[in-house]
Each structure stands twice: as C-alpha cells, then as structure tokens.
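# Examining the three-dimensional arrangement
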Amino acid sequence: MKIVDILTKKVSFRRKKVFKIAFTANIESQCVYVKILTDEGIYGLGEATPFPLVTSETVDGVIASIEFMKSELLGADPTDIAKIHEIMDKTLLNNTSAKAAIDIACYDIMGKKAGKPVHKLIGAKTDSVQTDMTIGIDSVENMVKEAVERVEEGFRILKIKCGIDPQKDIEVVKQIRKAVGDDIDLRIDANQGYDKNTALYVLGEISKYNITEAEQPLPFWDVHSMAEINKVSPVPIMADESVHTPIQAEIACQHDACKIVNIKLMKCGGIYPALQIADIAKKYGKTCLVGCFYESKLAISAAAAVVLAKDNIESADLDSFFSFVNSQNGVCGGFEVDKDILKLSSKSGYGFEDYEF
C-alpha cells in the first residue's frame, strides 16, 4: 500500500462561552482535518488541533508543515507507522500536531485494512472510556454553578482550572466540594500558574477536600522543582506541559517529577509516540491520563483508543467537543455519548463517515 495524496482542510468550532485557563482564553477552536489517500482506495482521516502556547503551531502553520512533509510521504506505506514517523522526524523538527494528524490518519487506514476498529488494533479489550469535564476559570459563583450542572448531566469527574489567584483557587475547590458532595472526583489544573512555594501552599490547603491530582502546577521547564514538590505534596502531581515527547517523558520520570503523566496526541505527535510514552511511564511505576486541547470528535476518537490500549492509562480528559456550539461541523461517527461515557465505534478504523474535502 502506498500514499498517493494528502489533503487538508481548515475547520472551525465555536464554543458556547469563553474558556479561560491560567495563561489564555478562547471562544473558538480551529483545527486542520487531513485525508490520506492510498493506491488501494482506502483513505484515512486525521486531525491537527495546534495550541500555539504549547505546541508552537498555528492552523496555517500546520497546513504548511503537512505540505512540506507531503513530498517525502508520497509513496510511503501508511501501515508502516514507525517508518512514517521516521520520515516526518527527518523532514521537520517538532510540529507535533501536524505529525499527529498524519499519524491518526495512518491508524485509520491500518484499522480499515485489518477490518478492525483502531482501539482493538492497538490492544484494547473494552470499548468504553469515561471522561472528566473541565470547569474553566470564572467567578467562584459561576464555577460552582457549572460544576453542579455538570454533575446533574452525569459527569462524575470534574477538573477545576486554576493558577491565577491562589486564594480564589482554594475557595473554588472548597465551594465546589461542598456543592457536589464527596462522591465526585475532583482534580485541579494550574496550567503552570504557580511558583514552588505557592504550589505547596495551595496543595496543602486543598488536600483536605480530597483532590485526586494536581496537574502541572509549575512552569514546564522547572522539572527539578516539580520533583521537589512531588516528593512532599499531599496531592498527586501530574506532568502535562513538561512532557511532550517520549524523551521528555523519560526525563520527567527519571527525575521523579510526577506520579502521573498527561499524554496528549497533539503534544507528542500521535498514537505511535503516545503508546511509547505510556510504556516509559509504566517502566518507572507511573500512571497516565490521556488529555486533549480543543479537538473535535475525530482526534478525540484517536485519543480514546489510546486510553484503552495500555493498562497504566487510568483516566481520560477528553471533553473538548462537549463545549462546541457547532459540533456537527466535523466528522460523523467515531463514538456514541452516554453522559460521561464515550463508547467507541465497532466499525473498522475510527468508524467515521466520509468527509468532504
């Protein structure tokens, strides 16, 4: 099998309201859909959703990157995923969401060729993934109100964004716990918003509210301080922006900078390196979560497949598409939603209907 063409299309999704985290806010998500055509008539769909402040990419940059890699990828076998990544990495440094789109589309082709859904192809034994729901930064009252609404909708895990105002963060956690009760799993994500002393103070204060994990409290580059915090924190530390690639996962784990590793396909370059990161984390006794930026259902399907592929991937943060006003702009299929459960398609590949480019 050979790649004969690679098509791209820019797609936009508007959020129901502004979504704010410690270092940015947005109302719209832009992504790039990719379609890889082969000489056997099988095609694969992929998605790149870049995040400039994390992946250093824009949608226009993604399209340019894919066009730049295209000449080297034409004629390659899309089912030889190791070779596909070797070609991409020798052609272009970084640009991980662009590479993720190619990777995701190749796995779609592999699944279709094998007559299997992608999650089964890569080792899944089940087909259902539970996701959390993220509460963006807002007033204390609005964050509590949204938390209650999400629980009423059926979400049993809430991730609370914080990292701007430590005292407010503590109060938000306190009030949300009071409002939703003790049976709901609460997590926080500071998105690099604290320094070491502030992080230790906040973690100490919120630990009394049974917080299951604290995501990326410090700047991505400060792995040494993350390690110091991880040793004494009453709340398990998760590394997110500190870990993009398998190499960075090795570094973070070697330094014992976390107990949990957040894997995102857009950070690492797709399913193939995501599985490598999970294996590295397991070697060091770490668990993993698979997260997302602002992806549509296409990339979320690929990420959900990864959740089910490895036994040390224990949770998922795959909620982005819930917040889109125009979620039907994108592909149809992939999975069905029942409250906080994503049930993946049993069709080959990701189970998406064809998409017009």
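Preceding this section is the structure that the text describes.
A few words now on the packing of helix 6 (residues 140-153) against helix 7 (residues 166-180). Where helix 6 contacts helix 7, the axes come no closer than 9 Å and their chain directions differ by 35°. Read as a crossing pair, helix 6 and helix 7 show a hand that is right-handed. Facing helix 6, whose interface residues are Val 140, Met 143, Val 144, Ala 147, Val 148 and Val 151, helix 7 presents Lys 168, Glu 171, Val 172, Gln 175, Ile 176, Ala 179 and Val 180. Class assignment for the residues of the contact of helix 6 with helix 7 results in ten nonpolar, one polar and two charged.

Spatially, 4-14-13 is the arrangement adopted by the three strands of the open sheet, whose pairing is antiparallel. Each edge of the open sheet is held by one strand with a lone partner, namely strand 4 (128-130) and strand 13 (335-338). Adjacent strand axes in the sheet meet at a mean angle of 25° when their direction is disregarded. Bridging between strand 13 and strand 14 (residues 341-344) involves four bridges; their strand directions are antiparallel. Bridge pairing in strand 14 places Asp 338 opposite Ile 341.

Reported here for the largest pocket is a volume of approximately 430 Å³. Arg 15, Phe 19, Thr 134, Asp 319 and Ser 323 are, among the 30 residues lining the largest pocket, the residues nearest its centre. Elements supplying a minimum of two residues to the lining of the largest pocket: strand 1 (3-21), strand 5 (133-135), helix 6 and strand 6 (157-161). Element by element, the count of residues in the lining of the largest pocket is highest for strand 1, at six residues. Classifying every residue of the lining of the largest pocket gives nine nonpolar, five polar and 16 charged. Size it by volume and the second largest pocket reaches roughly 320 Å³. Taken together, 17 residues make up the lining of the second largest pocket; nearest its centre are Asp 89, Lys 99, Thr 245, Pro 246 and Cys 268. When residues of the lining of the second largest pocket are traced back to their parent elements, those giving at least two are helix 3 (81-91), helix 4 (96-114), helix 10 (246-254) and helix 12 (271-283). The dominant element in the lining of the second largest pocket, judged by the number of residues it contributes, is helix 3, at four residues.

Take empty space enclosed by the protein next. Per the counting criterion, the structure on display carries two cavities of 30 Å³ or more. Of the pockets and cavities examined, the largest cavity occupies roughly 50 Å³. Every residue lining the largest cavity is listed: Pro 117, Val 118, His 119, Ser 301, Ala 305, Gly 334, Leu 344, Ser 345, Gly 349 and Tyr 350. Here the lining of the largest cavity is composed, by residue class, of five nonpolar, five polar and no charged.

All right, on to the pairing of strand 6 then. The buried fraction of strand 6 amounts to five of the five residues, a majority that puts the element mostly inside the structure. The two faces of strand 6 match: Ile 157, Lys 159 and Lys 161 on one face and Leu 158 and Ile 160 on the other face are all buried. Direction of pairing for strand 5 relative to strand 6: parallel, over a ladder of three bridges. Bridging across to strand 6, Ile 135 finds its partner in Ile 160. With helix 6 bridging strand 5 and its parallel neighbour strand 6, the resulting β-α-β unit is right-handed. In this structure, strand 6 lies alongside strand 7 (residues 185-189), joined through five bridges in parallel fashion. Bridge pairing in strand 7 links Lys 161 to Asp 189. Crossover connection from strand 6 via helix 7 to parallel strand 7: handedness right-handed.

Definitions and cut-offs
Residues numbered from 1 in each chain as written. Predicted model: local features only at pLDDT ≥ 70, side-chain atom pairs only at ≥ 80, totals over all residues. Heavy atoms only, no water. Axes fitted to C-alpha atoms, helices over the stretch in contact; angles between N-to-C directions. Helix = DSSP H or I, 4+ residues; strand = E, 2+ residues; numbered from the N terminus. Left-handed = near helix turned anticlockwise from the far one by under 90°. Contact = heavy atoms within 4.5 Å. Nonpolar A, V, L, I, M, F, W, Y, C, P; charged D, E, K, R; others polar. Pairing = 2+ DSSP bridges. 1 Å grid on protein atoms, 1.4 Å probe; cavity = no way out; pocket = protein on both sides within 12 Å on 5 of 7 lines; lining within 4 Å. Points joined across faces, edges and corners; volume = space filled by probe spheres on them. Buried < 20%, exposed > 50% of the residue type's maximum accessible area, 1.4 Å probe, protein only. Right-handed = clockwise from strand over helix to strand, strands pointing away.

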